[in-house]
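Residue strings, one per chain:
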Amino acid sequence: MDLVDNLIEDDAERERLLSKPTCFLVVGRPGVGKSTLARNIADTWGCVLIDDTEVLDSHIRSQTEDGVKLLDILNAGKSVPEDVVLGLILDMLSSTKVEHYGYVLSCLPFMSEEGVGVEEQMEIIRKLKLKPDFIINIKCADKDLVQRLSSQKQHPMTGLLYNQDQWKVDNEFHVTGFIEEEGAEEEDEEDSQDEDEEEEEQSAPRCTIDQLVWIPERQARNTSFRINAYKENILRPLEDYMMDHNPIYLLEVDGSETPDELLLFVLSRLGSMAIQRVSVPVVLHQDEELPDDIETEDLLRFMSSSRMLVPGFRWRRSRWGRSCPVALKEGRLVPGKPEFSVGFRDKMYILSSQEAYDKFVSNPRRYLLPPMPSPPCRVSIIGTAASGRPELSVLMGARHNVSVLELEKLAEPLLAELETEWLAKVKEDSVQAAMEKIRTKQQNEQSSGKLPSWPAGRPAFVVATSPLILCLLRWNPGRGSDREPSRSGGPGANGPGRGQKTGRRQGNLRSSSDEGRQGKRGLPPGRRRGQRLGAGQLSQERLAVGGFTARRDPSRFPLLPHAHRGHFARTSSRRLSHRPHVSDKAEPKAEKDQFTRQWEALQLSLSISHSVLQTGGRRPEELLDEIVQLMESEFGIHGPRESVAGQMAKTTCGPFTEPFKYLPREFSAVDLDEEAEDIEAIANLEVDDDDDSAKDTAEEEEEEEEEEEEGDDSESPSDATSKRAFGDTFIFCPVVLKKHNALVPSTDEISAKYREKVYYFSNVDAREVFMLSPEQFVGQCQLLKPPALRIFVLGCRGSGKTTQGEWLAEQLGLFHIQFREHLQRLLAPKIKQRVNPADESTEEHLKALKTAVEDARGEEPPEEDAGLTDEEIGIKAYLADDVPLSSQVLEEIVNPYWKKEPYLSTGFILEDFPHNTEEVQHMMQHHLYPDAVVTLMAGVEDIQARLLPKFWSRWRAHCQRREALLDVLREIHTKAREENITKRRAELMEEKAASSTAKFSCRAEDEDDEDSANIEDEIEAILEEEYPVERYDEFKDDDEAEEATTERLNTEIEERYVADSNNMAIVLEVLSELKIPRISINASRKTPVVRRQLLLKVEPLQLNRESLFQKCQPISYNLAQLLLLYSYKFHSAFGCTDPVKRYGERELIQPVLWPLETAFPVLFNQYIYFFGSKKNQQTFMLNPLKYLRQSKPYPMLSVKMAVVGPPKSGKTSVATMFAQRYGLDLLSIGGVMRRILEEQEHSDLAVQMKLHLNRGLVVPDELAIQCLKKVLMSLVCSTQGYVLDGFPMTMKQAELMQANSIIPMRVVEMELDTVEVLKRGLASKMEENKPHLMHDSAEILHIRNTCYRREAELMSRHFRQQYDNWIPMDGLKSKWYIWERLIKEISVSMEHVHTYLRRTRSGQAGCINRQCVTPQEFQRRIGEFAHYCPVCLALRDHLVDCSETPSLTYAAEYNRRYFKMCDAEHLEIFLASPDEFVSPRCPRPLPQADRLPRKLTEAEVKNRFPQQIEMKGFCPVTYLDGKLRYEALVHGSLEFALEYRERLYTCETKEKQYRFLSAPELYWDLKLPSKVPPLCEPIPLTSLPTLGYLEQGVAVGVIKAMTAVGCLKPKFPFFSMERSALRYLAFYMKAFNHRSTEDIRQMYKKKLACFEENCELIPYLSSVMRANYKLPSERPVDFDLKLKRFLALRLAAQSQAPSANPAL
């Protein structure tokens, strides 16, 4: 959704310049004070006063031509004709001054109709170019007005009128004393210096009071006659005109108030509607004289502080710089003079002369509107006729949107005139002279240069020849042609060789060239000569602004001054053979040679920029492209997007450096001093306003303190720069943002100022780049958007970075990146395992064990880092040993987070980066800056508690892995030892066996056995010695107790915590130097608390992201008023409503913050916003763009509502609550009359009221309504609205309100039954501490309730039928239910009214539902289709009559006519394209009245006797639906009869009747067959037997009544059961007899309800009166009332005479 306020400064300024000024029309009865109010508005508001007397006086004082004629008429004793006065008024209304300042018109329409009738005058007002925005209708009672006018006196000399309170003096005081006392009161308010002046001014009335005379025209009789004439002739047309005007801008004021009060009322209404005052230029010239050679920069800086209207807000520079806007608009580039400097809005302009100043002040808009500033430029294309000069000139003019001047056409009138003069002169000299004398005379004249000399080839204003020459120049009024063209060898001397005639033309050309030098006097020679040539068809204004293209030889065109000598003197030649598409004939050689000689001579004296091109063989489009390329490459002029005039201003030099372009400059010490002065001035202004604006409650202060405690710790700009006007990128470098899409916080150490805004830069090079082309780094067409959110999360291991980071990223919709995990994933495919940090890895402890296992297995250990690249090795070293990553690796891994999708547009949370200073340096070099750094801080104890279980599990896994490796090693060693032992044993056994065989071969067997055993022992001993059992002591850790292990692990965790903390501190220190905000979170707390802190501090960075570059400044009310008063700043689209409250509540009823003294203003860009509370102000400042993306607010409508109801129904409570919530005026009829008696006690209305009150009488309703009408014109009622409490109370009051056009938007009735009224009355009666005695007895309440109910029924019917605005509401519901429904009803009504006004004012169709349109008004303005739906007629050719539905739910207004649709769908279709359904584009018009079908009642059908029903009474719809078959002939019913084309038809059902009415042409002319069913003759009831007669006659009604009696079983007090039943039966049958009228049925229904209520008295009293006597306070609330009613019935029964029937 677009923003409601345009924050692009240039676009907003253009919109304001194009906006219509505020215009007023003041109307009212003659003598009511229209002229006085108009004059006061004009003086205060700054608009132009247009009053007949003022217009005549201004012309006479100015001694204009019209003024002289007027003075002659007046001196002759005649009156000025009205048509003359009207013409002068219309001339003033169309003046340029009115176009800027607007007007206040108070003299139209005229009272008399001598010249122009009232209707014609109203039509003139309707057709004004600047139509009135506000109509101020001054109302005053006729008697009060007559009394006031008849008491006025006039001074005979001055013509001034004096009211009675000005000249009347009490008898107790002398006139002098009265005047002196009045003067003394004024003297107290002024300084002592002004007192003497006031005394001198007051001395005049002392001597003039006695000279005052009565005015015959002001006598009561004459005044009454004028008022009656006004009411007869003017009032009605004026009311019709005001009825068509937007009611929001219709101000009705009370004419009985003083002029000051009326002015205050109007200004308050305008202020509450946020109407911007007219911007008035302010003179900035001071008495101090400035040197003429002052530098432009010094002049602008000096003028920026001259006559500052608002403290602390200097005048800003404009694009015009030092150039005069008025002269530039007129086609001259003239430097302004300091003494003519003016300030307009918030910018300063330096004008060149008093005349320029007067023009600018009269209407500055026409000099500032685009395409200005744009100086004129001149391009000359010269060449021979065959070179393609005309075609190229036309293309050049069309491409750059400039005029093409052809000298041939412009010179024709001059040549003819010169030819005529020359012939006449020759004829005059001597007819009979010889030819030789004539030739001699011509030669003498040619040598003297008196006659013009024109070359061969007719001149044309964009010049070209065989070598085509492009001359780009800019007219410099300060420099002219320094030398004349050469007379020998040049194109102006020899000519083309056509004798004396050519020489004569050459002489005139030289005189014109000399005349061109007169540009020094202020007018470019092109315009001077153009006027001389009489080129009436040429738009001089377009030439001045857009420039022109001239065709012909420069030597014959005086618009080529020798300006800008030495600049852009480049010449490029292109040689080609021929040029097609121009002429098939070859150029005459003589003409070509002569042009070549002329061009060579001209080049010697040419000092302007030019380029020579050959056109041979090339199309004009190709030449144009080459010219454009030359303009871009050599002269720096680019394409058609920027006008040639604007480009030439950039490529020329002189006293204007880079004109019409905002130039950046370095932010210097002088700027700092000026800024300090401005801040001090604003602070001094706000000192007095601080006490009034301190409205924070203790609760709000506590909330603010909590927010400060929980708010982020990010760094913010210092207090010294908090009020600085930052640029479009706030404190971030715009160059880095544009090039790298990164946010780099910067300071004012390296800063610049552009368009009076300060920009910070990251380095000097960035500032230099910005200074070269600042436009590409600022938001010219749209606001700059910040990049996606980027957050760094740092913390010690164990602080919860991963857990909290993942959760936060999920909450904010960001990517969560674990930097180390990302590196792990890069290595995982190759190393297949995680790389743990060295201080966490246990691989070193197992390295020797692994080596031993590998050695035992005979395996070679794997090579470390096998297959890894250098980058991967570096990553592994980074993960294991914290070796810094190389810049190449960081660039490949980290840079894509900032540069590529999806991170670029979504944002991310990067965990555990940066980890060292090298990574921070990489960030700085590549501008990879985050928005904030989140640090999770936790104590070592918390870290130990979190990591100890993890370390314990890791230690256990380490031990298990070590044991597993030992088992493997032990198994391998055991297996190898066993194999070795087996092998060795075999060897030893063999050795022992051989030695024992040789040595002991002769020994006995017993000895052998013994020796064998010894050998085995020896072998075992040898084996044990050679192969001992491995003990693996070097692979075993010392056994630790659990406590020791825990202590060791805690020590390791603490050491790592210290190392991480130290490393993080170093990184954070470097980041803080880069001004990156830091958010510290206490991670030691519980997870929900930590997450809440994280979300509270980080989420605003995401929610308020779009407003990151926006800066708001809270200001005081006084400062806001000054800024608005002098048009430095402007009202926002929200006006005086709270944007934050409107965004949160989404209600159409928004209270206006008026008066604004209690509001909290905020300055944002060029707009001022107002808020109802400090909290809303601060909320808006966090994210202003969020609240500007609402729908554009409607102009505030005043709420008009009435709340009525029986006594004690709660109407006053509802009305009070609603009035307090929305700032409405709570009005009761008694309070209204008391207000009139207090505030206007001398008015005729108050006098009449006092007459009745003094007699002890009640004030009549007529006077009460007049009081209400007066009070409704008050400021609160007209601005905010009102709530009528308990009014109207009678039908007469409702009718009087209708007669006085007092129509509430909604009338709410609080419904309450009688019992509840009496209950509440009794409860209220028992309340203590009543403010005053009240008539609150039960009897009085009952009487008031009865009276209300009698009148309420009539009022309800009246408001429902007339306005459909009656809302019944159950008074027994809770106040919240009532409040919600009331808000809903009013909001829906407001939305309908706003939509209706918006659509109808824009020329669209608008629904009139809930617009309080009366049936009479609807019938008066009904459209061409009457009550028929135009959509059904157009789309389906159906006639759908909507007159049966009185509601206007589906009715619409278009072109001031009303149309009624059948349903909501057709209403939407009509609203979307109403032209398709009304004439002249409607496909089917409504038939004539005699061709429209209509329904008939049975009585109407019988009255048409003897006319017979068509089709013998058969239903035509049923017959056609049955395809005209015999079976489809069904008789219709008289209940569904209708008439069409004067024929009668009857239908079978209501649905078929509707179908006939919709499409009568289908059914009206059906033919019956020859054979039809016989008619069913009705059988009379009297012919039936008794039971049949009773069944057909009374059975249904009697059965229903008897069923009701049986269900209720009534027992009326003091009646028998039979009599009670019969009485109930009679009431019931009367109440539900459908043959009776509605009024009779309603009367008997009320009697039936009363009978049922009385029957309930017996069971109620019997249930209550069972116990002993109870005190009145202990009885039920309604007990006394019901007991009295019961006893009253007894008396009534006794008083009745006995009936003839005892049962009755």
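Residues numbered from 1 in each chain as written. Predicted model: local features only at pLDDT ≥ 70, side-chain atom pairs only at ≥ 80, totals over all residues. Heavy atoms only, no water.

A. A look at the overall build of the protein. In terms of helices and strands, the protein carries 68 helices and 39 strands. Buried residues in the protein amount to 45% of all 1704 residues. (Helix = DSSP H or I, 4+ residues; strand = E, 2+ residues; numbered from the N terminus. Buried < 20%, exposed > 50% of the residue type's maximum accessible area, 1.4 Å probe, protein only.)

B. Structural view of the confidence of the model for the protein. Across the protein, pLDDT averages 80, with 79% of residues at or above 70. For the protein, strand E14 (residues 464-473) is the element with the lowest average pLDDT, namely 34, and strand E3 (residues 103-105) is the one with the highest, namely 96. Considering only residues more than four positions removed or in separate chains, one finds that residues 170-204, a stretch of pLDDT under 50, has 19 contacts. Ignoring residues within four places in sequence, the model shows residues 1697-1704, a span with pLDDT below 50, making six contacts including any to other chains. (pLDDT = per-residue confidence, 0-100. Contact = heavy atoms within 4.5 Å.)

C. Examining the pattern of salt bridges more closely. Taken as a whole and assessed by the stated rule, the structure comprises 68 salt bridges. In this structure, Arg29 and Asp142 form a salt bridge, with 2.9 Å as the shortest nitrogen-oxygen distance. Here Asp142 lies in helix H8 (residues 142-150) and Arg29 lies in the loop between strand E1 (24-28) and helix H2 (34-45), a separation of 113 residues in the sequence. For Arg29, a relative accessible area of 18% puts it in the buried group. Residue classification places Asp142 among the partly exposed residues on the basis of a relative accessible area of 25%. The shortest N-O distance in the salt bridge between Glu1385 and Arg1410 comes to 3.3 Å. In this pair, Glu1385 sits in helix H56 (residues 1375-1401) while Arg1410 sits in the loop between strand E34 (1406-1407) and helix H57 (1415-1420), placing the two residues 25 residues apart along the sequence. (Salt bridge = Lys/Arg side-chain N within 4 Å of Asp/Glu carboxyl O.)

D. Highlighting a negative patch on the surface. A contiguous patch of negative charge, built from Glu289, Asp292, Asp293, Glu295, Asp298 and Glu339, is present on the exposed surface. Within the secondary structure, Glu289 sits in the loop between strand E9 (282-283) and helix H15 (296-304). (Patch = residues over 30% accessible without salt bridge, like charges linked within 9 Å, V, L, I, M, F, W, Y side chains within 5 Å. Areas by Shrake-Rupley, 256 points an atom, 1.4 Å probe, with all protein chains shown as cover. Lys, Arg positive; Asp, Glu negative; His and termini not counted. Charge placed at Lys NZ, Arg CZ, Asp CG, Glu CD.)

E. Representation of the pairing of strand E27 (residues 1160-1164). Within E27, five of the five residues are buried, which leaves the element mostly enclosed by the surrounding structure. A two-sided burial pattern is seen for E27, the buried positions comprising Phe1160, Val1162 and Phe1164 on one face and Pro1161 and Leu1163 on the other. With three bridges connecting them, strand E25 (residues 1112-1114) and E27 associate as antiparallel partners. Opposite Cys1112, over in E27, you have Phe1164 as the bridge partner. As paired elements, E27 and strand E28 (residues 1167-1171) share five bridges and run antiparallel to each other. In the strand pairing of E28, Leu1163 is matched with Ile1168. The loop that links E27 with its antiparallel partner E28 comprises two residues; one of these, Asn1165, has a positive phi angle of about 55°. (Pairing = 2+ DSSP bridges.)

F. Quick look at the sheet that holds strand E36 (residues 1457-1460). Across the sheet, three strands lie side by side as E34-E35-E36; this open sheet has antiparallel pairing. This sheet does not close on itself; its edge strands, each paired only once, are E34 and E36. Here strand E35 (residues 1451-1454) pairs with E36 via four bridges, running antiparallel. Pairing of Tyr1454 across the sheet is with Arg1457, part of E36.

G. Spotlight on the packing of helix H51 (residues 1261-1271) against helix H53 (residues 1291-1299). It is at 10 Å that the axes of H51 and H53 come closest, and there the two elements cross at 45°. One finds that H51 runs oblique with respect to H53. At the point where H51 passes H53, the crossing takes the right-handed sense. Listed contacts from H53 to Asp1261, Glu1262 and Ile1265 of H51 are Lys1292, Gln1293, Leu1296 and Met1297. In terms of residue class, the contact of H51 with H53 is made up of three nonpolar, one polar and three charged. (Axes fitted to C-alpha atoms, helices over the stretch in contact; angles between N-to-C directions. Parallel < 35°, antiparallel > 145°, perpendicular 65-115°, else oblique. Left-handed = near helix turned anticlockwise from the far one by under 90°. Nonpolar A, V, L, I, M, F, W, Y, C, P; charged D, E, K, R; others polar.)

H. Region of interest: helix H48 (residues 1211-1222). Along its 12 residues, H48 runs 17 Å from first to last C-alpha, staying within 8% of the 16 Å computed at 1.5 Å per residue. Those residues of H48 that sit buried are Lys1211, Val1214, Ala1215, Phe1218, Ala1219 and Tyr1222. Seen end-on, H48 carries its buried residues on one side only, within an arc spanning 125°. In H48, the exposed residues that point more than 90 degrees away from the buried face are Ser1213 and Gln1220. Remark: Gly1223 follows H48 within two positions and exhibits a positive phi of approximately 70°. (Expected span 1.5 Å × (residues − 1). Arc of directions from axis to C-beta.)

I. Geometry of the side chain of Arg1306. Looking at where Arg1306 falls in the secondary structure, it is placed in strand E32 (residues 1306-1311). For the buried residue Arg1306, which engages in no salt bridge, the nearest side chain bearing the opposite charge is Glu1385, 4.1 Å off. Not counting residues within four places of it along the chain, the set of residues in contact with Arg1306 comprises Lys1200, Met1201, Ala1202, Asp1364, Asn1365, Ile1367, Glu1385, Ile1386, Ser1389 and Arg1410.

J. Broad picture of the environment of Pro1659. Checked against the element boundaries, Pro1659 lands in helix H67 (residues 1657-1664). Under the relative-accessibility criterion, Pro1659 is labelled partly exposed at 48%. Sequence separation between Pro1659 and Lys1611 is 48 residues, and the spatial gap between their C-alpha atoms is 9.5 Å.

K. Structural context of the state of the cysteines. For the structure shown, the criterion picks out zero disulfides. With no disulfide of its own, Cys23 lies closest to Cys47 among cysteine sulfurs, the gap being 8.1 Å. (Disulfide = S-S within 2.5 Å.)

L. Seen up close, a nonpolar patch on the surface. Taken together, the side chains of Leu1581, Leu1587, Tyr1589, Leu1590 and Val1594 present a nonpolar region at the surface, about 480 Å² in accessible area. Tracing the chain through its elements places Tyr1589 in helix H63 (residues 1586-1593).

M. Quick peek at the sheet that holds strand E39 (residues 1543-1547). Read across the open sheet, the three strands follow the order E37-E38-E39; overall the sheet is antiparallel. The strands lining the two open edges of the sheet, one partner per strand, are strand E37 (1494-1496) and E39. Neighbour-to-neighbour, the strand axes of the sheet open up by a mean angle of 35°, direction not taken into account. Sheet topology places strand E38 (residues 1533-1540) next to E39; five bridges connect them, and they run antiparallel.

N. How the structure looks around unusual backbone geometry. The amide bond that connects Ser1479 to the next residue, Pro1480, takes the cis arrangement and shows omega of 10°. At the junction of Phe1505 and Pro1506, the peptide bond is cis and its omega measures out at 15° in the coordinates. Checked against the element boundaries, Pro1506 lands in the loop between helix H60 (1498-1503) and helix H61 (1516-1521). Of note, the phi angle at Met1511 is positive, near 60°, even though the residue is not glycine. Counting through the fold element by element, Met1511 comes out in the loop between H60 and H61. Note on Met1511: relative accessible area 8%, which makes it buried. For Lys1523, which is not a glycine, the phi torsion comes out positive at approximately 60°. Locating Lys1523 in the fold gives a position in the loop between H61 and E38. Residue classification places Lys1523 among the exposed positions, given a relative accessible area of 71%.

O. Seen up close, helix H35 (residues 870-881). Spanning 12 residues, H35 covers 16 Å between terminal C-alpha atoms, matching the ideal 16 Å at 1.5 Å per step. Restricting attention to buried positions, one finds in H35 the residues Glu872, Ile875, Tyr878, Leu879 and Ala880. Check the buried side of H35 and you find it contacts helix H33 (819-831), helix H36 (887-893) and helix H39 (917-926). Among the residues trailing H35, Asp882 stands out with phi positive, at a value near 60°.

P. Examining the side chain of Asp1060 more closely. Relative to the elements of secondary structure, Asp1060 occurs in helix H42 (residues 1042-1073). Residues contacting Asp1060, with those up to four places away along its chain left out, are Cys796 and Arg797.

Q. Geometry of the nonpolar core. One finds Phe761, Phe819, Val894, Leu910, Val934 and Leu1071 to be the most contacted residues of the largest nonpolar core, which totals 81 residues. Apart from residues lying up to four places away in sequence, Leu1071 is in contact with Leu794, Pro914, Val920, Met923, Val933 and Ile1076. (Core = buried A, V, L, I, M, F, W, Y, C linked by side-chain atoms within 4.5 Å.)

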